[in-house]
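Commentary on secondary and tertiary structure
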Amino acid sequence: MSEPSGVNPVRDSGASHSDGKDDAVVGVSPQSQLKTIGRGGKISSIAMVLVAGIALFSDGYNAQVVGQMNPVLSKLYPDDYTKSIKTSMSNAFLIGEVFGMLFFGWAIDKLGRRTGIFWATFFLVLGIVLATAAHGATRNGMFWMMIIGRGVAGFGAGGEYPTCATSTSEAADENAQVRRRRGMLSAVATDFAIDLGFVFAGIIVLIVLAAYSYKPTEGLWRVCFGLGVVLPVALLFVRLRLVNSTQYRKHAMKKEIPYWLVIKRYWKPMIGTSMAWFVYDFVTYPFGLFGSTILATLNPSNSLMQTVGYGTVLNCFYLPGCLLGGFLMDKIGRKQTMTLGFVLWSVMAFIIGGALNPLQSVFPLFVIMYGIFNAVAEMGPGVATFLCGAESFPTPVRGHFLGFAAAVGKAGAAIGTQVFMPIQDSFADENKGVQGVFLIGAAFAMTGAIITWFLVPDMERELESEDAKFRLYLEENGYYGIFGEEQKDEGVSVSQTSTK
């Protein structure tokens, strides 16, 4: 960024002094009327948080709907929709997500939050359109076009993780009142939104299924896939009107980032947030095996409508846990909530895994225990991974680290899928296989609690505090770089010089 010519530096304290923010140094062109980088109002801050939540709601829908359509595709194309094609369909979205998390984590720090949001939405919409319109000279060709579309959509959906999590945390920092509720707002805008997307995917599929007289047809899966494009397109016009957060405008490092100095300071929280996310996703798969057990009991005839319906009901168990986790993060702290969630998750897993056969003989009790078990998982690591990943790092590199942690988590999900299935199959008795996997997963959950307690930092609630410490750390180590970004459209530019 070049220094504006013919300007005099002034202090901008924002709309209010009461929120404790450090003053930003701005330069004002004499040809323009004085404009300041003000703090956001309560309503506008909450609105920005909710916009991010709606985006992740859309991602939840698009991630879930392919699972709901697997039985439809299997019945429509029994000879062509092979196990390898089905696996490729799921893996394409997952692999796309990992690359999207890493790329957009970098992009939103270097190019801007708004730029990252636009391109993440663009790739998500493009992928959905490709998958919905999939055609080919052969059925195999059609499926591969669908797989490519799912991969592109996954790339965009993965990008939403760092973009939405950073946007949520920074938007909630714009106002002192909103900042005190950032735990709840982050929970609602991230994990709760994704889980609600899972629930609505089931509801939409049931409605479309009824419209097609409960018969699997080509139109059924195309409509269900295609409906996933509505919200991202509608949101795109809203999100294009958003501006980069005040924290980003003050502290962005677009020219050069001293990565070695950054790693030296933040290696411990980087390992902590990444490994906590890895463990959470790693053990989510074996714990999810009970969903199949319940569905098999409730739906012995394997009816498509009942499979989707009961699966949707089970997904509803996640929602109360997300809200409780948001409440606890504001009351007892983010790190404490995640540790508590891991511990309770592990304890519930040991109880259910150890008493699997007696519990299954009393089916309503089994369902209730399973519901509580899912709720405590979302209460802890489910909601806290997002906010800990955002608050543990300064604004200039927040996207980098959050995208990396989310990508490591998705890698954990992929590895868990490959590791636990052979373990389950190694038991002659199916119940003992599920029981064994469940107990092993419970041990890993307790490991997640230990990682969280010792490696995830207990940060101050105000993002400016860590940003100021980071700037001072860089100066003490001889780095004097360019911070902030010009606001040409507002006649304002954040000063290049760092403040002590």
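Residues numbered from 1 in each chain as written. Predicted model: local features only at pLDDT ≥ 70, side-chain atom pairs only at ≥ 80, totals over all residues. Heavy atoms only, no water.

With 64 residues, the main nonpolar core has Phe342, Trp345, Ile352 and Phe373 as its most contacted residues. At 14 residues, the largest contribution of residues to this core is made by helix α15 (residues 363–391). In this structure, tryptophan 345 is in contact with Tyr280, Val283, Thr284, Phe287, Phe373, Val376, Ala377, Pro381 and Ala445, ignoring residues within four places of it in sequence. Among the nonpolar cores identified, the runner-up in size contains 27 residues, and Met142, Met146, Ala201 and Leu209 belong to it. (Core = buried A, V, L, I, M, F, W, Y, C linked by side-chain atoms within 4.5 Å. Buried < 20%, exposed > 50% of the residue type's maximum accessible area, 1.4 Å probe, protein only. Helix = DSSP H or I, 4+ residues; strand = E, 2+ residues; numbered from the N terminus. Contact = heavy atoms within 4.5 Å.)

Another aspect to go through is the packing of helix α3 (residues 113–132) against helix α7 (residues 218–226). Look at α3 against α7: their axes get within 9 Å of each other, and the N-to-C directions meet at 175°. Here α3 lies roughly antiparallel to α7, going by the angle between them. Residues Ile128, Ala131 and Thr132 of α3 touch α7, and the partners they reach there are Trp221, Arg222, Phe225 and Gly226. A breakdown of the residues in the contact of α3 with α7 according to their chemical character gives 4 nonpolar, 2 polar and 1 charged. (Axes fitted to C-alpha atoms, helices over the stretch in contact; angles between N-to-C directions. Parallel < 35°, antiparallel > 145°, perpendicular 65-115°, else oblique. Nonpolar A, V, L, I, M, F, W, Y, C, P; charged D, E, K, R; others polar.)

Turning our attention to a nonpolar patch on the surface. Among the surface-exposed residues, Trp260, Ile263, Trp267, Ile271 and Met275 lie close enough to one another that they form a single nonpolar patch of about 510 Å² accessible area. Here isoleucine 271 lies in helix α10 (residues 259–298). A relative accessible area of 35% means that isoleucine 271 is categorised as partly exposed. (Patch = residues over 30% accessible without salt bridge, like charges linked within 9 Å, V, L, I, M, F, W, Y side chains within 5 Å. Areas by Shrake-Rupley, 256 points an atom, 1.4 Å probe, with all protein chains shown as cover. Salt bridge = Lys/Arg side-chain N within 4 Å of Asp/Glu carboxyl O.)

A positive phi angle is found at serine 213, which is not glycine, with a value near 60°. A relative accessible area of 49% means that serine 213 is categorised as partly exposed. If you check the backbone angles, tyrosine 214 has positive phi at about 60° while not being a glycine. Structurally, the position occupied by tyrosine 214 is in the loop between α6 (182–211) and α7. Assessed through its relative accessible area of 45%, tyrosine 214 is described here as partly exposed.

In this section: the side chain of arginine 334. Relative to the helices and strands, arginine 334 resides in helix α13 (residues 334–354). According to the relative accessible area criterion, arginine 334 is buried, its value standing at 5%. Not counting residues within four places of it along the chain, the set of residues in contact with arginine 334 comprises Arg182, Gly183, Met329, Ala384, Leu387, Cys388, Glu391 and Arg461.

This part takes up α3. Across its 20 residues, α3 extends 29 Å between first and last C-alpha, which sits within 8% of the 28 Å expected from 1.5 Å per residue. Turning to α3, its buried residues number three or more, namely Arg113, Gly116, Ile117, Ala120, Thr121, Leu124, Val125, Gly127, Ile128, Ala131 and Thr132. Angularly, the buried residues of α3 cover 160° about the axis, an arc narrow enough to put them on a single face. (Expected span 1.5 Å × (residues − 1). Arc of directions from axis to C-beta.)

Scored by pLDDT, the protein has a mean of 84; 87% of the residues are at 70 or more. Mean pLDDT across the secondary structure elements of the protein bottoms out at strand β1 (residues 8–12), with 34, and peaks at helix α12 (residues 318–331), with 96. Counting interchain partners and residues more than four positions distant, the pLDDT-below-50 stretch residues 1–39 has 89 contacts. Scored below 50 in pLDDT, residues 487–500 shows 51 contacts in the model against residues more than four places distant or in partner chains. (pLDDT = per-residue confidence, 0-100.)

Attention shifts here to the packing of helix α1 (residues 42–76) against α6. Each pair of packed helices can be described by the angle between their axes along with the distance between the axes. It is at 6 Å that the axes of α1 and α6 come closest, and there the two elements cross at 35°. Crossing hand, α1 versus α6: right-handed. (Left-handed = near helix turned anticlockwise from the far one by under 90°.)

Another aspect to go through is the packing of aromatic side chains. Using the criterion set out here, one finds 26 aromatic pairs in the structure. An angle of 35° between the planes, with centres 6.3 Å apart, marks the rings of phenylalanine 342 and tryptophan 345 as tilted. Residue phenylalanine 342 and its partner tryptophan 345 are located together in helix α13, separated by 3 residues, close to a single helical turn. A relative accessible area of 0% means that phenylalanine 342 is categorised as buried. Members of the aromatic cluster, each reached through a chain of ring pairs, are Phe103, Phe104, Trp106, Phe118, Trp119, Phe122, Phe123 and Phe155. Cation over ring: arginine 150 sits above phenylalanine 225, and NZ or CZ is 5.9 Å from the ring centre. A cation over a ring is seen here: lysine 335 above tryptophan 453, with NZ or CZ 4.9 Å from the ring centre. (Phe/Tyr/Trp six-rings, centres within 6.5 Å; stacked < 30°, edge-to-face > 60°. Lys NZ or Arg CZ within 6 Å of the ring centre and 35° of its normal.)

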